[in-house]
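Residue-level structure breakdown
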Amino acid sequence: MTGQDFADKLRVYLVTDDRPDHDEVVAIVEQALAGGVTCVQLRRKREDGGPMLKLAVRLRELASAHGALFIVNDRVDIALLSGADGVHVGQTDLPARLVKSRFPELLVGVSARSVEEAVRAEQDGADYLGVGSVYPTATKGDAVLTGLETLAACRRAVHVPIVGIGGITVERAVDVLAAGADGVAVVSAIMSAQDPKAAAAALAQRAIS
């Protein structure tokens, strides 16, 4: 996969929420993939390993069927056992350098809230960055508001693809991409949409145009 091909796979990046019904999660993700989502991240902060692995396998199969990437948040064990394309870690999660050195076959994404964190993540071997929270968000209680300015500054400072995250809606996606992001990551804009397929299609249209 070339650099541009990889960046294109990050254009519409769906992060799952913690709703308890796995069948509901799978149904939403399937609709979102049909609408144009290019990457799915499984993020489950309050789930035991066994149930999470079963969900990961289901989502990985769906993502593969649609030619999309499948990423697991934080849990390297779940990523490896489910056959995921990669893992995404935060600043207080597993060190990106260690993950990349031990499991070079995995794509490694890193959350960054500043230029300094972005540069360090790239030096540590990150394949892409999730920069934000670009806008206020209720999805993640400890999110630090960074704004479009920090996103643009990170774009100037690093060479790996960047995904903007945090409070992004269909209407805001254009501004996030204009600031230098290669893609937009969303949770509620799709997971809580009345029509996840239509929401994904609208985001995909903004991301491609």
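Just above sits the structure.
What you are looking at is a predicted structure, and each value in this text was computed from that prediction instead of being measured.

Looking now at the overall build of the chain. In terms of regular secondary structure, the chain is built from 10 helices and eight strands. On C-alpha atoms alone, the chain measures out to a radius of gyration of 15 Å, which is about the 17 Å that the 2.2 N^0.38 rule sets for 209 residues. Projecting the C-alpha coordinates of the chain onto the three principal axes gives extents of approximately 40 × 40 × 35 Å. Considering the chain as a whole, with its 209 residues, one finds that 51% of them fall into the buried category. In the chain, once contacts between residues fewer than 6 apart in sequence are set aside, the share between residues at least 24 apart is 59%.

Moving on, we get to the pairing of strand β8 (residues 183-186). Neither face of β8 is open: one carries Gly183 and Ala185, the other Val184 and Val186, and all of them are buried. Examined bridge by bridge, strand β1 (residues 12-15) and β8 share three bridges and lie parallel to one another. Among the inter-strand pairings, leucine 14 is bridged to a residue of β8, identified as valine 186. Bridge count for strand β7 (residues 162-165) against β8 is three bridges, and the pairing is parallel. Among the inter-strand pairings, valine 163 is bridged to a residue of β8, identified as glycine 183. With helix α8 (residues 170-178) bridging β7 and its parallel neighbour β8, the resulting β-α-β unit is right-handed.

The subject of this paragraph is the pattern of salt bridges. Inspection of every chain in the model, using the stated rule, returns 10 salt bridges. The shortest N-O distance in the salt bridge between arginine 19 and glutamate 24 comes to 2.8 Å. Overall, the relative accessible area of 18% leaves arginine 19 in the buried class. Taking the shortest distance from any N to any O, the salt bridge between lysine 100 and aspartate 127 comes out at 2.7 Å. You can see lysine 100 sitting in helix α5 (residues 96-102) and its partner aspartate 127 sitting in the loop between α6 (115-123) and β6 (128-131), a full 27 residues away along the chain.

Let us now look at the packing of aromatic side chains. Taken as a whole and judged by the stated rule, the model has two aromatic pairs. Note on phenylalanine 6 and tyrosine 128: the rings are 6.3 Å apart at their centroids and 70° apart in plane angle, and the pair reads as edge-to-face. Highlighted residues: phenylalanine 6 in helix α1 (residues 3-9) and tyrosine 128 in strand β6, separated in sequence by 122 residues. For the residue pair phenylalanine 6 and tyrosine 128, the accessibility class agrees, reading buried in each case. An angle of 55° between the planes, with centres 6.0 Å apart, marks the rings of tyrosine 13 and tyrosine 128 as tilted. Taken together, the positions of tyrosine 13 in strand β1 and tyrosine 128 in strand β6 put the pair 115 residues apart, joining distant regions of the chain. The pair tyrosine 13 / tyrosine 128 is uniform in exposure class, with both members buried. What links up through ring pairs into an aromatic cluster is the set Phe6, Tyr13 and Tyr128. Here the basic side chain of arginine 172 rests over the ring of tyrosine 135, its NZ or CZ set 4.3 Å away from the ring centre.

What counts and how
Every chain's residues receive numbers from 1 upward, in the order its sequence appears when written. At least 70 in pLDDT is required for a residue's local features to be given in this predicted model, at least 80 for side-chain atom pairs to be given and counted, and no such filter applies to totals for whole chains, interfaces and linings, which use all residues. Side-chain measures here rest on the full set of heavy atoms in the structure, leaving out hydrogens and waters. Note on conventions: DSSP H or I runs of at least 4 residues are helices, E runs of at least 2 residues are strands, and numbering of each starts at the N terminus. Throughout, radius of gyration means the C-alpha value; the globule benchmark is 2.2 Å times the number of residues raised to the power 0.38. For each residue, the accessible area found with a 1.4 Å probe, counting protein chains only, is set against the maximum for its type, and the residue is called buried under 20%, exposed over 50%, and partly exposed in between. Any two residues whose heavy atoms approach within 4.5 Å are treated as being in contact. Pairing between two strands requires that DSSP report at least two bridges joining them. By definition, the crossover connecting two strands over a helix is right-handed if that path, from the first strand to the second, turns clockwise as seen with the strands pointing away from the viewer. We define a salt bridge as a side-chain nitrogen of Lys or Arg found within 4 Å of a carboxyl oxygen belonging to Asp or Glu. Centre distance within 6.5 Å is the pairing criterion for rings of Phe, Tyr and Trp, where only the six-membered ring of Trp is used; planes under 30 degrees apart are then read as stacked, over 60 as edge-to-face, and the remainder as tilted. Throughout this description, the term charge over a ring refers to an Arg CZ or Lys NZ atom that lies within 6 Å of the ring centre and within 35 degrees of the ring normal.

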